[in-house]
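Residue strings, one per chain:
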There are 2 protein chains.
Amino acid sequence: MNPELFSTKQRILDAAEALFASHGFAAASLRQVTSNAQVNLAAVNYHFGSKENLINEVLRLRLDKLNADRTQALQAALAKSPAQLEDVLGAWIRPALAASASERGSTAFVRILARTYAEQNERLRAFLHDNYGHVLRDFAAALGTLLPHMDKQELYWRMDIITGALTFAMADFGTIKRRGASAEQHLALTADHLIRFAAAGLRAE
Amino acid sequence: MNPELFSTKQRILDAAEALFASHGFAAASLRQVTSNAQVNLAAVNYHFGSKENLINEVLRLRLDKLNADRTQALQAALAKSPAQLEDVLGAWIRPALAASASERGSTAFVRILARTYAEQNERLRAFLHDNYGHVLRDFAAALGTLLPHMDKQELYWRMDIITGALTFAMADFGTIKRRGASAEQHLALTADHLIRFAAAGLRAE
DNA sequence: CTAGAATTCAAACGAACGTTTGACGATCGG
DNA sequence: CCGATCGTCAAACGTTCGTTTGAATTCTAG
């Protein structure tokens with residue numbers, strides 16, 4: 001019942017997030033996690049029940065915040081009249097980038113997301129769909145309003161493209177590294193580029 | 001020394017490709033592979049030496065063909081005067097989609113690619129870079145010629161976006177499924193959409 | 001201060017992993 | 001026909017995995 005920053009539970013979560021990101025869910029062992037977290041091996045099963053539950057907790061904590069941020073940003077974007085395509089795209093993209101650059105875990109979360117999408121794990125996919133599908137639908141509705149002539153199927157398809165580009169391009173394996181710029185500048189620049197690219201792609205044809 | 005279609009070696013490669021795609025490199029065990037291939041467990045180490053070598057072989061066989069196809073398509077695109085941005089993008093995108101829809105392995109290869117990008121495995125990354133980096137550079141050079149005003153760093157960045165979108169969108173987890181259309185029609189349509197989206201994104205600003 | 005709950009710990013569990021072994025046929029050049 | 005190479009096979013190797021156990025320790029409420 002202790003929400004301390006350095007509690008056993010929190011240390012496990014931090015170490016697990018980093019290791020899941022860099023080695024994958026299957027390859028990251030609980031022995032590595034507990035060793036990095038400097039806690040006993042049994043602590044994972046005591047606090048989380050199982051490795052799978054730990055994976056879900058790691059995802060849930062980050063995704064809850066990401067989706068809340070996205071929903072809030074979407075509402076802010078739609079409050080403007082007239083709402084611009086770039087604003088809605090920014091509400092989708094910027095919170096994800098911000099999550100990837102947050103203080104704890106650094107870029108770990110985005111790499112975890114990329115892995116999660118690549119995983120064929122049906123339980124994980126169902127978990128994501130059940131808990132966060134509504135956010136995707138909200139954005140689809142907003143974009144549909146701004147692009148009234150676009151076929152609905154095509155819109156979903158292009159959102160897939162954008163999501164893929166966002167996820168993969170951020171997941172650390174890009175060939176471009178920032179030089180000179182601070183992390184914040186790099187983040188803002190990256191968001192601008194992605195939004196411009198995505199907006200042009202959405203408006204195509 | 002037997003290049004039969006249903007040799008032990010080939011059956012292992014087919015089963016491994018399917019299992020690597022659906023479960024990942026780490027989670028797919030050699031016991032699963034050999035069981036699905038209906039060969040003895042020891043056959044993997046006899047024919048491939050180790051699991052890691054098997055992984056590399058699975059990747060190498062597919063990538064050799066993909067990169068040869070891409071290189072050839074790029075030359076064909078550049079032979080036209082004036083070469084169009086869409087042609088070069090098509091030379092990048094269409095062979096990848098074709099590989100994903102080839103007779104054997106169906107979509108397995110693309111999912112493997114998505115996993116490979118998401119994997120943090122440095123050996124794998126080095127393997128890919130050493131063997132296939134020159135193709136990426138050829139395309140960057142071709143695109144750079146067609147977009148003379150674009151910053152080189154920005155070009156690499158946008159190629160990352162496109163690669164991410166291509167890999168991700170093809171890896172089976174999209175929300176859009178074709179209906180009615182044949183596989184070939186779906187393939188052609190998908191390629192057209194991706195190329196149009198990517199071209200618009202590249203030309204942005 | 002103390003009983004009881006919560007947490008940590010070292011140790012062990014059975015299962016699954018990649019790999020190795022050595023014996024047993026199959027195949028083939030001389 | 002035969003010796004040699006190649007391929008297959010069941011079995012076992014040592015290691016690592018996630019999980020469980022039960023005792024030791026720490027925390028907390030009365």
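Below, the structure is looked at part by part. Keep in mind the model is a prediction, meaning the values are calculated, not measured.

### Regarding the protein's contact with DNA strand D
For step 1, the next point in the chain: Near DNA strand D lie 16 residues; those nearest to it are Arg31(A), Lys51(A), Thr8(B), Tyr46(B) and His47(B).
For step 2, the next point in the chain: Looking at DNA strand D alone, sugar and phosphate atoms form 50% of those within 4 Å of the protein.
For step 3, the next point in the chain: Side-chain polar atom of Arg31(A) to a base nitrogen of DNA strand D: 2.7 Å apart, as the coordinates give it.
For step 4, the next point in the chain: Note that a phosphate oxygen of DNA strand D is positioned 2.6 Å from one of the side-chain N or O atoms of Lys51(A).
For step 5, the next point in the chain: Sorting the residues of the surface near DNA strand D by element identifies α2 (30–37) of chain A together with α3 (43–48) of chain B as the ones contributing at least two each.
For step 6, the next point in the chain: When grouped by side-chain class, the residues that make up the surface near DNA strand D number seven nonpolar, six polar and three charged.

### Considering the protein's contact with DNA strand C
For step 1, the next point in the chain: Within the structure, DNA strand C sits among 16 residues, and Thr8(A), His47(A), Leu30(B), Arg31(B) and Lys51(B) are positioned closest to it.
For step 2, the next point in the chain: Between Thr8(A) and DNA strand C, the recorded distance is 2.4 Å, taken from a side-chain N or O atom to a phosphate oxygen.
For step 3, the next point in the chain: A distance of 3.3 Å separates a phosphate oxygen of DNA strand C from a polar side-chain atom of Asn45(B).
For step 4, the next point in the chain: When contributions to the surface near DNA strand C are tallied by element, the ones reaching two or more residues are α3 (43–48) of chain A together with α2 (30–37) of chain B.
For step 5, the next point in the chain: Across the surface near DNA strand C, the residue classes tally to seven nonpolar, six polar and three charged.

### Points about the side chain of Asn67(B)
For step 1, the next point in the chain: As for its placement among the helices and strands, Asn67(B) is situated in helix α4 (residues 51–79).
For step 2, the next point in the chain: In contact with Asn67(B), not counting residues within four places along its chain, are Tyr132(B) and Val135(B).

### Some remarks on the pattern of salt bridges
For step 1, the next point in the chain: According to the stated counting rule, one finds 16 salt bridges over all chains in the structure shown.
For step 2, the next point in the chain: Salt-bridge contacts for Asp69(A) lead to Lys65(A); the nearest nitrogen and oxygen are separated by 2.7 Å. In this pair, Asp69(A) and Lys65(A) both sit in helix α4 (residues 51–79), four residues apart, roughly one turn of the helix.
For step 3, the next point in the chain: Assessed through its relative accessible area of 53%, Lys65(A) is described here as exposed.
For step 4, the next point in the chain: Salt-bridge contacts for Lys80(B) lead to Asp87(B); the nearest nitrogen and oxygen are separated by 3.2 Å.
For step 5, the next point in the chain: A residue is classified by how much of its surface remains accessible, and Asp87(B), at 24% relative accessible area, is partly exposed.

Cut-off values and rules
- Residues numbered from 1 in each chain as written.
- Chains lettered and ligands numbered in written order.
- Predicted model: local features only at pLDDT ≥ 70, side-chain atom pairs only at ≥ 80, totals over all residues.
- Heavy atoms only, no water.
- Near = heavy atom within 4 Å.
- Polar contact = N/O pair within 3.5 Å; in protein donor to acceptor, adjacent residues only side chain to side chain.
- Helix = DSSP H or I, 4+ residues; strand = E, 2+ residues; numbered from the N terminus.
- Nonpolar A, V, L, I, M, F, W, Y, C, P; charged D, E, K, R; others polar.
- Contact = heavy atoms within 4.5 Å.
- Salt bridge = Lys/Arg side-chain N within 4 Å of Asp/Glu carboxyl O.
- Buried < 20%, exposed > 50% of the residue type's maximum accessible area, 1.4 Å probe, protein only.

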